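This is what each chain is made of:
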Amino acid sequence: MKKFLSLVLSLAMTATLLAGCGSAPAASGSAPAASGSAVNLKIATTGNEKHQSTIAAQAFADKIAELSGGQITATVYPNSQLGSEREAVEGVQLGSLEMTVVTSDGALPNFVPETQVLSIPYMFETKDEAYYVLDNFLQDELEPKFEAQGIKHLAFCELGFRNFTNNKKEIKSAADLSGLSIRVQEATIWFALADSLNFIATPIAFNELYTALQQGTVDGQENPITSIATSAFDEVQKYMCMDNHTYGAESIIMNLNLYNGLTAEQQGWVDEASAYARDYQRETVSSMEAEYLQQIKDSGVIVCEDPDIQSFKDATADLYTRDDVAALVDPALTEAVMAAVKESHN
């Protein structure tokens, strides 16, 4: 009888433990898979409410709520409320943050070095070339590399062609950059670009850049027209050179475990909302550029709209084959992008 009672007690305790395991909270970054379960997303951006990243994030938030009938909702946190770009990507990777929209070749190469192929200068002459390469080649090419880092790359949207500004002198050719201190993103290829063009590269967080320019910590910076205008850099800069050295993309990313934990229907909504945000944001940002360029001119900035682009191309022609750059981005990938650019014209 004692043995029987002991067996009954043991079975009861085991059942209790199993029941407790079944009610344990889901792992960080996971999501309810049952149809009809509510999913709440936080999306971090470092830009202000008018910044390209925030426009994309809000477009996604609006569309996902519409597609899911409110089953999936998203709240956008701009102005670095949830940390720097690197901190946001780390949060997505770890699952403490569901989503972020970040510069594709900014902090992201710390996790997927190949994204820095977009920092190779003067590969794209038009936005159509860039869109083709991003959507028809790099999205698929880089997908497994993102997933290996626990990240779901949903879409590339737009930052825009990047241009130099400074407070010292007008830039008309590559030689004019010599000796200037320019804020760049903290990534090897940007340092290589500085070396090729003989300027002093100074990494500064984007949300600290206005003050750095205002106080003269650096002479200048490089960003797309929209970023320069919406961040009011034209208030603290005197000259701009429209050399379009790189096309800046932004990446909409989500925690991979979260994405994989969604039902097929929910994943479909996320995919569709991402594609919508990409297309809407690109169109919106492009439509604003002429107005923002005029704003920059009206603020007193002297704009060189027709610099000697060939001088910049000549100075940076072998940048992608340098040992420090090739260690991060296989030259074969750069050449594949160049081939895709040519393919875009067929």
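A brief structural summary. (Residues numbered from 1 in each chain as written. Predicted model: local features only at pLDDT ≥ 70, side-chain atom pairs only at ≥ 80, totals over all residues. Heavy atoms only, no water.)

### Here we look at the overall build of the chain
Phase 1: Helix and strand content of the chain: 12 helices and 10 strands.
Phase 2: Residues classed as buried in the chain amount to 54% of the 346 residues present.
Phase 3: About 15100 Å² of surface is accessible on the chain, with carbon and sulfur atoms providing 50% of the total. (Helix = DSSP H or I, 4+ residues; strand = E, 2+ residues; numbered from the N terminus. Buried < 20%, exposed > 50% of the residue type's maximum accessible area, 1.4 Å probe, protein only. Areas by Shrake-Rupley, 256 points an atom, 1.4 Å probe, with all protein chains shown as cover.)

### What to know about helix H4 (residues 127-147)
Phase 1: At Leu138, H4 is bent by approximately 50°, the largest bend along its length.
Phase 2: All of the buried residues along H4 are Lys127, Glu129, Ala130, Tyr131, Val133, Leu134, Leu138, Gln139, Leu142 and Phe146. (Bend = angle between axes of the 7 residues up to and from the residue.)

### Considerations on the pairing of strand E5 (residues 181-184)
Phase 1: The alternating pattern of E5 places Ser181 and Arg183 and Ile182 and Val184 on opposite faces, both of which are buried.
Phase 2: Read as a crossover between parallel neighbours, the route from E5 over helix H5 (residues 188-197) to strand E6 (residues 200-203) is right-handed.
Phase 3: Examined bridge by bridge, E5 and strand E7 (residues 220-224) share 2 bridges and lie parallel to one another. From the neighbouring strand, Ile182 faces E7, where its bridge partner is Gly220. (Right-handed = clockwise from strand over helix to strand, strands pointing away. Pairing = 2+ DSSP bridges.)

### Comments concerning the packing of aromatic side chains
Phase 1: The tally for this structure, following the rule as stated, stands at 7 aromatic pairs.
Phase 2: With centroids separated by 5.4 Å and ring planes inclined at 75°, the aromatic side chains of Phe161 and Tyr247 adopt a geometry described as edge-to-face. Of this pair, Phe161 sits in strand E4 (residues 151-166) while Tyr247 is found in strand E9 (residues 247-255), placing the two residues 86 residues apart along the sequence. The two residues Phe161 and Tyr247 agree in class, both being buried.
Phase 3: Within the aromatic cluster, the residues linked to one another by ring pairs are Phe124, Tyr131, Phe161 and Tyr247.
Phase 4: Taking the ring centre of Tyr276 as reference, the NZ or CZ of Lys63 above it sits at 4.7 Å. (Phe/Tyr/Trp six-rings, centres within 6.5 Å; stacked < 30°, edge-to-face > 60°. Lys NZ or Arg CZ within 6 Å of the ring centre and 35° of its normal.)

### Digging into the packing of H4 against helix H9 (residues 264-298)
Phase 1: Packing of H4 against H9 brings their axes to within 13 Å, and their N-to-C directions diverge by 165°. Taken together, the axes of H4 and H9 lie roughly antiparallel to each other. Every pair of crossing elements has a handedness; the one defined by H4 and H9 is right-handed. Contacts between H4 and H9 involve Lys127, Tyr131, Leu134 and Asp135 from the first element and Arg278, Arg282, Ser286 and Glu289 from the second. (Axes fitted to C-alpha atoms, helices over the stretch in contact; angles between N-to-C directions. Parallel < 35°, antiparallel > 145°, perpendicular 65-115°, else oblique. Left-handed = near helix turned anticlockwise from the far one by under 90°. Contact = heavy atoms within 4.5 Å.)

### Some points on the nonpolar core
Phase 1: Counting residues in hydrophobic clusters, the biggest one holds 53 residues, and the most contacted among them are Val117, Phe124, Leu138 and Phe199.
Phase 2: Of the residues forming this core, the biggest block, 7 residues, is contributed by H4.
Phase 3: In contact with Leu138, other than residues within four places in its own chain, are Val117, Leu118, Val133, Phe156, Leu333 and Val337.
Phase 4: Within the second largest apolar cluster, 26 residues are counted, among which are Ala57, Ala59, Phe60 and Val101. (Core = buried A, V, L, I, M, F, W, Y, C linked by side-chain atoms within 4.5 Å.)

### Let's talk about the pattern of salt bridges
Phase 1: With the rule as written, the count across this model stands at 15 salt bridges.
Phase 2: With its nearest N and O atoms 3.3 Å apart, the salt bridge here joins Lys42 to Glu98. Residue Lys42 is found in strand E1 (residues 39-44), and its partner Glu98 is found in the loop between helix H3 (85-94) and strand E3 (99-103); the two are separated by 56 residues along the sequence.
Phase 3: Since its relative accessible area comes to 29%, Lys42 is described here as partly exposed.
Phase 4: Glu98 gets classed as buried once you look at its relative accessible area, which sits at 17%. (Salt bridge = Lys/Arg side-chain N within 4 Å of Asp/Glu carboxyl O.)

### Section: the environment of Ala317
Phase 1: With respect to the helices and strands, the residue Ala317 is situated in the loop between helix H10 (309-316) and helix H11 (323-326).
Phase 2: Assessed through its relative accessible area of 52%, Ala317 is described here as exposed.
Phase 3: Considering only alpha carbons, one finds Ala317 and Pro121, 196 residues apart in sequence, at a separation of 8.4 Å.

### Details of unusual backbone geometry
Phase 1: Residue Tyr122 is not a glycine yet carries a positive backbone phi of 60°.
Phase 2: The residue Tyr122 is located in the loop between E3 and H4 in this model.

### Describing H9
Phase 1: The terminal C-alpha atoms of H9, which comprises 35 residues, lie 50 Å apart, in line with the 51 Å expected from a rise of 1.5 Å per residue.
Phase 2: Backbone geometry just after H9 places Gly300 at a positive phi near 105°. (Expected span 1.5 Å × (residues − 1).)

### Some thoughts on the pairing of E7
Phase 1: Buried residues dominate E7, accounting for 5 of its 5 residues.
Phase 2: The sheet contact formed by E4 and E7 spans 5 bridges and is antiparallel. Along E7, the bridge assignment pairs Asn163 with Asn223.

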